[in-house]
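# Residue-level structural notes
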Amino acid sequence: MQVSDNTVLITGGASGIGLTLAEALMASGSQVLICGRREDRLQAAQRKLPGVAALTCDIAEAEGRRALVEWVLEGFPRLNMLVNNAGIQRQIDLTAGLERVLEGDDEIDINLKAPILLTCALLPRLMAQPSAAVINISSGLGFAPLAFMPIYCATKAGLHSFSLSLRRQLQGTSVGVFEILPPTVDTELDRGARTGRGQHDRGIPPADVAQATMRALAEDTFELGIGRSEGLRTASRADLDQLFLRMNGGQ
Ligand SMILES: NC(=O)c1ccc[n+]([C@@H]2O[C@H](COP(=O)([O-])OP(=O)(O)OC[C@H]3O[C@@H](n4cnc5c(N)ncnc54)[C@H](OP(=O)(O)O)[C@@H]3O)[C@@H](O)[C@H]2O)c1
């Protein structure tokens, strides 16, 4: 699909992968809209990328999604791309009880429910455009999970499954469905947890993910694993079993 002259909504576009993708899309001549919960981060993104439109909202809340969809449908009639990028990541000890799971932000609401419902809400507008796309930012961890972040990995497996079904249902329409699987990326996603567990590999720069995503769009590569995630995406079931053991500290 053409990478210029698009109108693109990127959820969570004020930081990390979303911000670098916003920059790359604007540089190639697209109008970009971003959203997030922290107003100061959205304002900083607007200073860095003059012309980017921004809305403060929480996509985990029905009211936040309603406000976002209304803002986009009323203000940006040419919207033709949705990037489901916003996400959070938590370490959760499932043996510590339900309270531990329920405290803090809800990964299922943010990483899985919101992308599904936003896609459904915006699909009529996307399908009305001559060329359109939904881009889901999932993860190699959707194929082989790290057991200490069980819900995060389950949401990414769910987003992969949703991407397959959505792509199938949209066959023959103007809407392409892309799934991008980044490896470890050096962003704020982990909120310091990597340092806390002594992980020295900070991952690749988010700009590398943005560049790979731009190439995937240009070449109609609908499912792309970046770096180590490509190995997970294409592994056999036997390989995944081995990888799961290795990733989670052996037998
Ligand atoms: N970093 C990695 O290693 C890695 C690897 C594979 C996949 N990914 C995926 O890449 C995507 C982007 O993450 P990132 O690494 O760029 O981390 P990031 O910099 O923390 O970006 C996440 C963005 O999502 C927004 N967000 C979170 N909850 C939200 C909510 N309820 N409503 C609206 N916006 C919300 C955040 O803004 P606010 O907090 O202001 O709302 C933030 O701008 C995520 O889906 C992540 O799972 C990341």
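An account of the accompanying structure is given in this report.

### Observations regarding the environment of D190
Position of D190 relative to the elements: it lies in the loop between β6 (175–181) and α7 (193–196). A C-alpha to C-alpha distance of 29 Å links D190 and Q31, two positions 159 residues apart in sequence. Excluding its chain neighbours within four sequence positions, the residues that come into contact with D190 are Q89, T195 and R202. Within the structure, the side chain of D190 is placed 2.7 Å from the backbone nitrogen of R194, a separation counted as a polar contact.

### Things to note about unusual backbone geometry
Although it is not a glycine, D5 sits at a positive phi angle of roughly 60°. Relative to the helices and strands, D5 resides in the segment before β1 (7–11). Even without being glycine, D220 reaches a positive phi, approximately 55°. Among the structural elements, D220 can be located in the loop between α8 (206–219) and β7 (223–225). You can call D220 partly exposed: its relative accessible area is 38%.

### Things to note about the packing of helix α5 (residues 107–127) against helix α6 (residues 150–169)
It is the contact of α5 with α6, at a shortest axis distance of 7 Å, that shows an interaxial angle of 20°. With respect to each other, α5 and α6 are oriented roughly parallel. Note on packing geometry: the crossing formed by α5 with α6 is right-handed. In this structure, α5 uses E107, I108, N111, L112, P115, I116, T119 and L123 to contact α6, whose residues at the interface are I151, Y152, T155, G158, L159, F162 and L166. Of the residues that constitute the contact of α5 with α6, the class distribution is 10 nonpolar, four polar and one charged.

### Focus on the packing of aromatic side chains
Inspection of the entire model under this criterion finds two aromatic pairs. Relative to F76, the ring of W71 lies with its centre 5.2 Å away and its plane at 70°, an arrangement referred to as edge-to-face. Between F178 and F222 the ring centres are 4.7 Å apart and the planes differ by 40°, which places this aromatic pair in the tilted class. One end of the pair, F178, is in strand β6; the other, F222, is in the loop between α8 and β7, with 44 residues separating them in the sequence. Judged by relative accessible area, F178 falls into the buried class, the value being 1%. On the accessibility criterion, F222 (32% relative accessible area) is partly exposed.

### What to know about the site of the ligand
Surrounding the ligand, one finds 30 residues, the nearest of these being R37, D58, N85, Y152 and T187. Side-chain polar atom of Y152 to an oxygen atom of the ligand: 2.7 Å apart, as the coordinates give it. Between R194 and the ligand, the recorded distance is 2.8 Å, taken from a side-chain N or O atom to an oxygen atom. For the ligand, whose free accessible area comes to 880 Å², the fraction covered by protein is 98%. Where the shell around the ligand is concerned, the elements lending two or more residues are α1 (16–27) and α6. Each residue belonging to the shell around the ligand can be placed in one class, and the counts come to 13 nonpolar, 10 polar and seven charged.

About the cut-offs
Residues numbered from 1 in each chain as written. Predicted model: local features only at pLDDT ≥ 70, side-chain atom pairs only at ≥ 80, totals over all residues. Heavy atoms only, no water. Helix = DSSP H or I, 4+ residues; strand = E, 2+ residues; numbered from the N terminus. Contact = heavy atoms within 4.5 Å. Polar contact = N/O pair within 3.5 Å; in protein donor to acceptor, adjacent residues only side chain to side chain. Buried < 20%, exposed > 50% of the residue type's maximum accessible area, 1.4 Å probe, protein only. Axes fitted to C-alpha atoms, helices over the stretch in contact; angles between N-to-C directions. Parallel < 35°, antiparallel > 145°, perpendicular 65-115°, else oblique. Left-handed = near helix turned anticlockwise from the far one by under 90°. Nonpolar A, V, L, I, M, F, W, Y, C, P; charged D, E, K, R; others polar. Phe/Tyr/Trp six-rings, centres within 6.5 Å; stacked < 30°, edge-to-face > 60°. Near = heavy atom within 4 Å. Areas by Shrake-Rupley, 256 points an atom, 1.4 Å probe, with all protein chains shown as cover.

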